[in-house]
Amino acid sequence: MITGGALWRRHLLGIIVCLLTMRVALAADRVVLIANSGNSVSELNSLEVQKLFLGLTVYAGGSALHPLRNESDQLLREIFYQDIISMSELTYERRLLALTLQQGRTAPPIYKSSRQLVSAVASDPAAISFAWATEVANDPRIKVLRVVGQE
Amino acid sequence: MNPRVIHRSLGLALSGLLCVHVAHAAEDSEHHNMSSEPSSEFVLFVSSEAHHFSEAASNGELNEDAPLIGDAVLAVNHGQFRLFGEFGLSTEEHDLERFQIGYEVIPNTVVWIGRFHQPASAWNTEHHHGRYLQTAITRPSIELWEDEDGVVPQHITGVYVDSRRPIGESSGLHLAAGAGLGVTIQKDGLQELNLLDPDASGRRLSLSARIAYLPNYVGTSEFGLLAAHNNMPVLDHVTSTLLHATNVEQNLYGVFANWSNEPWKIQAAVYDLEMNLTEVGSARPETVVAGYLQVERLLPKHLTAYAREENSDHANHSIYVTLNHPDFELRRATIGLRWDFLHNQALTAEIAKAQRVGAGNTEYRLQWSAALQ
C-alpha cells in the first residue's frame, strides 16, 4: 500500500524528471550567441550583431570583435538569416559583395563543422559566433552571451 | 603610352594583387581562427553583352558596351589596416581603377590614400564597377566614367576619408570626403591619373564630399547631399581652341536618394554643374542640370523589372558638353528585366531610347553578369 507521503514524493520525483527532460529538450532547441570565455563582452544588441556579421567593425572590451559564421547544419543557416542578420540569403550575400566593393570589407569566415567552430571561438579571444546550446554547454572555454531571438 | 610598359605594369599589378590574395588565402585556410591573421576577399565581377544600336555613337562604342568586361576586386583587412585594389579589364581597355591603402582610425571611419572614386557620385559610390550589383545594364549618362565620355571627373588620387556614424538606436550618418589630383581635359574627354603610368604634370586639385542620412545603419537606403570642386586644365591645343579655354573649373552640387523597401527600390539623383571656362583675358560661365530616377520592383521567379528616366537642362547649350563630350545623352528612357537565375548570376534585357545633340538612338541590350568568388 502506498502512503500519502510516498505518493507525494513520487509526484515530486515525476515533476523533477519532467522538468529536467524539458530543460534538456529546450536547450537542444536553442541557438545561443557565444564568445570566448576570456572576452570581456557581456552583451551585444541585435544591431551590433547585424553589423558584426556584415563585416562592419564592432568594438567591445577595447578590441574589434571577429564574427564566425556557423553553417554546420541547415537549420542553423536558416536561423542565422531569419533571427540574427534578419535578411534573406540573397539580400545578405549581395550586401556582403557591396560592402567589399564599397568599403573593402571582408566577409566573416564560414565553418561547416560545429566542433571546428567551437575550437575557433575557444582559441580567439575576440571571436563571436552562434551555436546550439547543447554543443557549448559545460565548455569552460566558451561563454554564452544570450539566446538568439531573446534580447 | 608604350605597349610594353603597359603590359609590364599590368603584369606586375595583377601578379602583386594575386600574390597577396593567394598568400592570405593559404594562411587563412590554416589559421583563420587566429585574431592576428589578416582576412582577404577576392571577387571577380564579369559581364558579357550583346547589343544593337540604331545609330552608333560618334566616338565609337564605349567601354561600358564592350562584349566582355572583368573587374577584379581584392580587399585585405589586417587589424585596423586596409588594402584595396580594383582592376578593370575589357576587350576595350584595362585600368587599375582603384588602389587604396587605409587605416581605420575609429570604428567604421577609414582614412585612405591612393586612387579612389570620388564620393559625390550617387550611383558610382553605390555600384562602382561591379555591374552584377547594379540592376540595370547601363548607368545614367551623368554618372559615366571619364573614359566613357563622362562629364564629371570620377577618379581622384590623394586622400579619402569615409565614415559611418551611428545616430540613435538604429540610424546612421555617412560622411565621405576626398581631395587630391584630378583630371585633365584632352581631345578624348577627361583623363584621370593612371597609377600604372603616372603623369601628374599639369593636374590640379579636386575636392569631393557627401553627407547622407541612413534610416537603417545596416540597410541600403540613403538620402543625402553631394558637392565637388574640380579644376581641370585643358592640355591639348586643339581642344583648347575648340573650347576657347585653357582651364575648366567645375562645381557640382547634388542631391540623391536610394530607397529600398522590398519589393521596391528607387534610385534618384539631381546634379547642378556650374562651370567656368577660362583662358587669358576671358571667362565663360556654363550651367548644366542633369538627373535621373530609376524604379525597380522585385517580381516572382527571381525577376526584377526596372525603368529609368534621365533628363538634363542647358546641356545642349554647353560648349564643354557638346564639343568635348559629344555622346552625352540629353535625355534617355530605359526599361529592363533582370533574371537572377543562378547563385550570383543574372541575365538582363534592356531597351533604351536616347537623345544626343542632333541625334537620336534606340538601344537593345542583352547581358549576362556574375560575381565569382
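Residues numbered from 1 in each chain as written. Chains lettered and ligands numbered in written order. Predicted model: local features only at pLDDT ≥ 70, side-chain atom pairs only at ≥ 80, totals over all residues.

Right, let's talk about the overall build of chain B for a bit. Check the secondary structure of chain B and you find four helices and 18 strands. Buried residues in chain B amount to 42% of all 373 residues. (Helix = DSSP H or I, 4+ residues; strand = E, 2+ residues; numbered from the N terminus. Buried ≥ 20, exposed ≤ 12 C-beta atoms within 10 Å, placed from the backbone.)

With that settled, consider the overall build of chain A. When you go through chain A residue by residue, the secondary structure sums to six helices and eight strands. Starting at the N terminus and ending at the C terminus, chain A contains elements arranged as α-β-α-β-β-β-β-α-α-β-α-β-α-β. Of all 151 residues assigned to chain A, the portion counted as buried reaches 35%.

Taken together, the contacts link 26 residues of chain A with 25 residues of chain B. Elements supplying a minimum of two residues to the side of chain A that touches chain B: α2 (46-53), α4 (89-103) and α5 (114-123) of chain A. Top contributing element to the side of chain A that touches chain B by residue count: α4 of chain A, with seven residues. Of the residues that constitute the side of chain A that touches chain B, the class distribution is 13 nonpolar, nine polar and four charged. (Contact = placed C-beta atoms within 7 Å. Nonpolar A, V, L, I, M, F, W, Y, C, P; charged D, E, K, R; others polar.)

Time to look at the nonpolar core. Ranked by internal contacts, the top residues of the largest apolar core, which has 57 residues, are Val32, Ile34, Val121, Phe130 and Ala131 of chain A. The next biggest cluster of nonpolar side chains, apart from the first, holds 30 residues, and it includes Val152, Phe256, Ala290 and Phe328 of chain B. (Core = buried A, V, L, I, M, F, W, Y, C linked by C-beta atoms within 7 Å.)

Residue and element names in this part refer to chain B. Inspection of the secondary structure assignment puts Thr91 in the loop between β3 (81-90) and β4 (94-106). By the C-beta count within 10 Å, which is 11 here, Thr91 ends up exposed. Separated by 21 residues in sequence, Thr91 and Gly70 have C-alpha atoms that sit 9.3 Å apart. If we skip the residues at most four places from it in the chain, Thr91 touches Ala66, Pro67 and Leu68.

Residue and element names in this part refer to chain B. Bridge count for strand β5 (residues 109-117) against strand β6 (residues 155-167) is nine bridges, and the pairing is antiparallel. Along β6, the bridge assignment pairs Phe116 with Ile156. In terms of strand pairing, β6 meets strand β7 (residues 171-181) through eleven bridges, oriented antiparallel. By the bridge assignment for β7, Thr157 is matched with Leu181. (Pairing = 2+ DSSP bridges.)

One face of the sheet, then the other: side chains in a regular strand alternate in exactly this way. All names here are of chain B. Taking every second residue as pointing to the same face, the buried face of strand β11 (residues 222-233) carries Glu222, Gly224, Leu226, Ala228, Asn230 and Met232, while none of Phe223, Leu225, Ala227, His229, Asn231 and Pro233 on the other face is buried. Summarising the sheet, strand β10 (residues 205-214) and β11 pair through eight bridges and their orientation is antiparallel. Within β11, the position partnered with Tyr213 by the bridge is Phe223. Two elements, β11 and strand β12 (residues 247-261), share twelve bridges in a ladder whose sense is antiparallel. Note that in β12 the partner of Met232 across the bridge is Val248.

A separate point is α2 of chain A. Three or more residues of α2 of chain A are buried, namely Val49, Gln50, Lys51, Leu52 and Phe53 of chain A. After α2 of chain A finishes, the residue Gly55 of chain A shows a positive phi value of roughly 90°.

All names here are of chain A. In space, the four strands of this open sheet follow the order β4-β7-β1-β8, with mixed pairing throughout. At either margin of the open sheet sits one strand with a lone partner, and together these are β4 (66-67) and β8 (142-147). Pairing analysis gives two bridges linking β4 to strand β7 (residues 127-132), with the strands arranged parallel. Bridging across to β7, Pro67 finds its partner in Ile128.

The next subject is the environment of Pro215 of chain B. Residues and elements named next belong to chain B. With respect to the element layout, Pro215 can be found in the loop between β10 and β11. Taking the C-beta count within 10 Å as the criterion, Pro215 has 15 such neighbours and is therefore assigned partly exposed. Separated by 43 residues in the primary sequence, Pro215 and Gly172 place their C-alpha atoms 6.6 Å from one another. Residues in contact with Pro215, not counting those within four places in the same chain, are Ser171 and Ser221.

Parts of the prediction with low pLDDT should not have their coordinates interpreted in detail. Residues and elements named next belong to chain A. Looking at chain A as a whole, its pLDDT mean stands at 85, while 81% of the residues score no less than 70. Per-residue pLDDT, averaged within each element of chain A, yields its smallest value for helix α1 (residues 4-29) (58) and its largest for strand β5 (residues 69-70) (95). Counted against residues more than four places away or in other chains, residues 21-27, with its pLDDT under 50, gives three contacts. (pLDDT = per-residue confidence, 0-100.)

Once that is clear, we can look at unusual backbone geometry. All names here are of chain B. Here Glu262 and Pro263 are connected by a cis peptide whose omega angle stands at 15°. Looking at the secondary structure, you find Pro263 in the loop between β12 and β13 (264-279). You will see that Asp149, though not glycine, has its phi angle at about 75°, which is positive. Along the chain, the position of Asp149 falls in the loop between α2 (122-127) and β6.

Let us look at the environment of Val255 of chain B. Residue and element names in this part refer to chain B. Along the chain, Val255 turns up in strand β12. Remark: the alpha-carbon pair of Val255 and Ser221, spanning 34 residues in sequence, is separated by 14 Å. With near-sequence residues (within four places) excluded, Val255 lies in contact with Leu225 and Val270.

All names here are of chain B. With 88% of its residues at a pLDDT of at least 70, chain B reaches an overall mean of 87. Taken element by element, chain B is modelled with least confidence in helix α1 (residues 3-31), mean pLDDT 47, and with most confidence in strand β15 (residues 303-313), mean pLDDT 97. Here residues 1-12 is a poorly scored stretch, pLDDT under 50, and it has seven contacts once near neighbours within four places are set aside; other chains count. Note on residues 22-35: pLDDT is under 50 here. Beyond four places in sequence and across chains, it has 20 contacts. Under the prediction, the complex receives an ipTM of 0.82, its pTM being 0.84.

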